[in-house]
Amino acid sequence: MPSRNTTLAGIAMMLLGILLFSVNDVMGKWLVATYTVGQVLLLRSAAALLVIIPFVVKQGVGRTLRPERPGLQLLRVTLGSCEVALFYWAVSYLPLADTMTLWLAAPVWAVVLAALLLGERVDAGRWLAVAAGFVGVAIALNPSGQSLSLPAIIALVGSFSFAAMMITGRQLRGTPDVTLVFWQTLGALVMGLVLLPTGWVTPTLADLGLLGLLGIIAMVAHLCVTRSLKLAEASVVVPYQYTLIVWALVFGWFVFGDWPTPTMLFGAALIIAAGLALLVLERRAGNAISEAAAKDRVTIEQN
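This text gives an overview of the structure that appears in the document. Along each chain, numbering runs from 1 in the same order as the chain's sequence is written. Given that this is a predicted model, residues contribute local features only at a pLDDT of at least 70 and side-chain atom pairs are listed and counted only at 80 or more, while totals for whole chains, interfaces and linings are drawn from all residues. The basis for the side-chain values is all heavy atoms of the structure; hydrogens and waters are excluded.

Some words on the overall build of the protein
For the protein, the helix and strand inventory stands at 13 helices and zero strands. Helix and strand definitions follow DSSP, with helices as H or I runs of at least four residues and strands as E runs of at least two, each counted in order from the N terminus. In the protein, the order of α-helices and β-strands from amino to carboxyl end is α-α-α-α-α-α-α-α-α-α-α-α-α. The cut-offs for exposure are 20% and 50% of the maximum accessible area for each residue type, with area from a 1.4 Å probe on protein chains only; residues under the lower value are buried, those over the upper are exposed, and the others partly exposed. Evaluated residue by residue, the protein yields a buried proportion of 45% over its 303 residues. Accessible areas in this description were obtained via Shrake-Rupley with a 1.4 Å probe; residue shielding takes into account the shown protein chains only. Roughly 15500 Å² of accessible area belongs to the protein as shown, and the carbon and sulfur atoms make up 69% of that amount.

Thoughts on the packing of helix 4 (residues 70–91) against helix 5 (residues 96–103)
Taken N-terminus to C-terminus, the directions of helix 4 and helix 5 make an angle of 145 degrees; their axes are 9 Å apart at the nearest point. In the packing of helix 4 onto helix 5, the handedness of the crossing is right-handed. Between helix 4 and helix 5, the contacting residues are E83, L86, F87, A90 and V91 on the first element and L96, T99, M100 and W103 on the second. We call Asp, Glu, Lys and Arg charged. Ala, Val, Leu, Ile, Met, Phe, Trp, Tyr, Cys and Pro are nonpolar, and the rest, Gly among them, are polar. Residue composition of the contact of helix 4 with helix 5, by class: seven nonpolar, one polar and one charged. Working convention: axes come from line fits to C-alpha atoms, limited for helices to the stretch in contact. Angles between N-to-C directions cover 0 to 180 degrees. Each helix crossing is assigned a hand: it is left-handed if the near helix lies turned anticlockwise from the far helix by less than a right angle, otherwise right-handed if that turn is clockwise. Here a residue-residue contact requires only that any non-hydrogen atoms of the pair lie within 4.5 Å.

A look at the side chain of Q184
Within the fold, Q184 resides in helix 9 (residues 177–195). Setting aside its immediate chain neighbours within four residues, Q184 contacts R76, V77, G80, S81 and M165.

If you want it as structure tokens, here you go:
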């Protein structure tokens, strides 16, 4: 079990990583108001690759370029690249807090996908939490003729893509973090090249620096979250990811003058409550399995 100091360090790293992701989201929303999604993805990913390359060299180029289960790796990269593109597309039209609320539905989607694709058993408590999460999504979407817009649907598809990427990642636990991040960044760069013909705006020197900084901040945020999960148990640090909605509200109001409707806030509260309930149920299930295994070991030793 991690020590108290290690756990506190893990929580601090998670909080820092989520703050950096929020800054990344604000910068992305700001930049896609001027530049196309393809251009932002391309320049952002190019800067991130420059940061990753020294880590790739240290790990070993051959080991990075020949990952395990290449077909599954390709699927994960494709899902991740689509998710990033969909996020920038959605946030260019929607308030930041609205977009992040729909993205927070990813853990709910992940439970459904794990049951359907991986055959994982989902008990009644988890299905109840999933149902509450979907109610929260429906409330946040406010599906009337005027409010159920194409950007909202794009955000919902993006959160689904993120959940599918998470499920794929579960099957690639043995792949080093550097390898996963390298291919994910390379995939986003390729996606930027694919979308680039939709338009090009020559960036100013200041904006070029911001586009490069966007990729570096995202890289550091990923490293913080990864380190957090290694320092402390996931059930302890993952709930702090929901501070993302707090930063989205603060930055959305301070930078863009946006404030979500009461309906959106209520939907966000339901989605977060469902996610936290899923974490609690997962932890209890894990503890039950550990206790059963311990009892089995004691029985075997006694016999």
